[in-house]
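Secondary and tertiary structure notes
Each chain is listed here by its residues.
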Amino acid sequence: MAVSQLLRKISTTQMIRSNMKSDVAWVENDILNNMKIILSYRHKKFIPNELINKAVQYVSQWIAFDDWFVGDLYKGIMIRGSVGVGKTLIMQATTATLQHMGSKAVFTHISDLNELYRQEDREAIENLKHINVLAIDDVGMYAPIVNVYGNIINPFDDIIDFRYRQNKATMITTNLTAEQIKEMFGLRTLDRLREMCNDYTLTGKSMRA
Ligand SMILES: Nc1ncnc2c1ncn2[C@@H]1O[C@H](COP(=O)(O)OP(=O)(O)OP(=O)(O)O)[C@@H](O)[C@H]1O
Ligand SMILES: [Mg+2]
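The paragraphs below set out a description of the structure included in this document.

Brief notes about the overall build of the protein
Of the regular secondary structure elements, the protein holds nine helices and seven strands. Among the 209 residues that make up the protein, the fraction classed as buried is 35%.

A short note on the site of ligand 1
Around ligand 1 there are 20 residues in total, and Gly86, Lys87, Thr88, Leu89 and Met207 lie nearest to it. Take the shell around ligand 1: its biggest share by element is three residues, from helix H4 (residues 87-100). Among the residues forming the shell around ligand 1, the class breakdown is eight nonpolar, seven polar and five charged.

Some points on the environment of Lys36
Secondary-structure assignment places Lys36 in helix H2 (residues 24-41). In this structure the C-alpha to C-alpha distance between Lys36 and Leu89, which are 53 residues apart in sequence, comes to 9.6 Å.

Details of the packing of helix H5 (residues 110-118) against helix H7 (residues 155-165)
The contact between H5 and H7 brings their axes to 9 Å, and the two run at 95°. The pairing of H5 with H7 is recorded here as roughly perpendicular in orientation. Along the contact surface, H5 presents Ile110, Leu113, Asn114 and Tyr117, while H7 presents Pro155, Phe156 and Ile159. A per-class count over the contact of H5 with H7 returns six nonpolar, one polar and no charged.

A short note on the sheet that holds strand S3 (residues 133-139)
What the five strands build is an open sheet, ordered S2-S3-S6-S1-S7; its pairing is parallel. Of all strands in the sheet, those bounded by a partner on one side alone are strand S2 (105-109) and strand S7 (197-201). For this sheet, the mean inter-axis angle between neighbouring strands, taken without regard to orientation, is 15°. Judged from the four bridges that link them, strand S1 (residues 76-80) and strand S6 (residues 169-174) form a sheet pairing that is parallel. Of the residues in S6, the one forming a bridge with Ile79 is Thr173.

Points about the environment of Asn167
With respect to the element layout, Asn167 can be found in the loop between H7 and S6. Since 20 C-beta atoms lie within 10 Å of it, Asn167 is described here as buried. Sequence separation of Asn167 and Asn132 is 35 residues, and the distance between their C-alpha atoms is 9.7 Å.

Here we look at the nonpolar core
Within the largest apolar cluster, 46 residues are counted, with the highest numbers of intra-cluster contacts made by Ala55, Val59, Ile77, Ile90 and Ala135. Here this core gets seven residues from one element, more than from any other, and that element is helix H3 (residues 50-63).

Focus on the packing of H3 against H4
For any two helices packed against each other, the geometry is given by the interaxial angle and the distance between the axes. Relative to each other, H3 and H4 sit at 30°, their axes nearing to 11 Å. Considered as vectors, H3 and H4 are oriented roughly parallel to each other. When the axes of H3 and H4 are compared, the crossing they make is right-handed. Here H3 contributes Ala55, Val56, Val59 and Ile63 to the contact with H4, which in turn contributes Ile90, Thr94, Thr97 and Leu98.

Details of unusual backbone geometry
The phi dihedral of Phe65 falls on the positive side, at around 55°, and the residue is not glycine. The residue Phe65 is located in the loop between H3 and S1 in this model. Although it is not a glycine, Asn167 adopts a positive phi angle of roughly 55°.

Description of H2
Look at H2: 26 Å from first C-alpha to last across 18 residues, which is about the 26 Å you get at 1.5 Å a residue. The elements touched by buried residues of H2 are H3 and H4. The positive-phi residue at the C-terminal boundary of H2 is His43, with phi of around 55°.

Details of the pairing of S6
Burial analysis of S6 places six of its six residues in the buried class, which makes it a mostly covered element. Neither face of S6 is left uncovered, since the one carrying Ala169, Met171 and Thr173 and the one carrying Thr170, Ile172 and Thr174 both have all their residues buried. Sheet analysis places S3 next to S6, joined by five bridges and oriented parallel. Following the sheet pairing, Leu134 is matched in S6 by Thr170.

Thresholds, definitions, all that
Residues numbered from 1 in each chain as written. Chains lettered and ligands numbered in written order. Predicted model: local features only at pLDDT ≥ 70, side-chain atom pairs only at ≥ 80, totals over all residues. Helix = DSSP H or I, 4+ residues; strand = E, 2+ residues; numbered from the N terminus. Buried ≥ 20, exposed ≤ 12 C-beta atoms within 10 Å, placed from the backbone. Near = placed C-beta within 6 Å. Nonpolar A, V, L, I, M, F, W, Y, C, P; charged D, E, K, R; others polar. Axes fitted to C-alpha atoms, helices over the stretch in contact; angles between N-to-C directions. Parallel < 35°, antiparallel > 145°, perpendicular 65-115°, else oblique. Contact = placed C-beta atoms within 7 Å. Pairing = 2+ DSSP bridges. Core = buried A, V, L, I, M, F, W, Y, C linked by C-beta atoms within 7 Å. Left-handed = near helix turned anticlockwise from the far one by under 90°. Expected span 1.5 Å × (residues − 1).

As structure tokens, this is what we get:
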């Protein structure tokens, strides 16, 4: 195993498995429970769906470092899919499960990330760069360029580049295709994302009734 692969393996293992029970069934159940709790705040009932169950199983196997996981356990996860299929809900519930397990995980929306850069909130930005697991929702929803006093910056690119170099686990959701990511962020970012994240597509109908 190459040194870089080994380093990636060590740092990812440390960050995901710290203080954690790693039983897939437990993780899966916890994520599903969190989804139900989040939905109950919205006065909604959980609707069981084979595709959502499969996605939750995929994420659970990743968290639990399960041998049955079909992707690369040492990468993060990118959940791609059309509108309303449940990407955000799964990601929010997954972040809560990671926190529940003692891992330092944060869920953030791309617009919040842009806002932190706009406000030049260096402390918060540093925290997000270093956090063990960072979930970024709705990548590609807004134009990536934020202008602070004439400076042109690209918050998503900046965060991804840092976390790539530090071998940190990142989860993202997006409506974009690979081609659209390339158009919006450039080939360099697409390439990093490919190396950093397992690419999972959630299909199905919109749950926004
Ligand atoms: N299993 C489910 N049962 C009931 N409601 C659900 C379920 N999954 C998601 N929803 C609801 O459906 C709506 C869409 O879900 P969510 O926001 O997670 O989709 P999304 O894939 O992130 O959509 P977008 O691409 O537009 O961001 C939300 O209101 C959510 O509460
Ligand atoms: Mg969403």
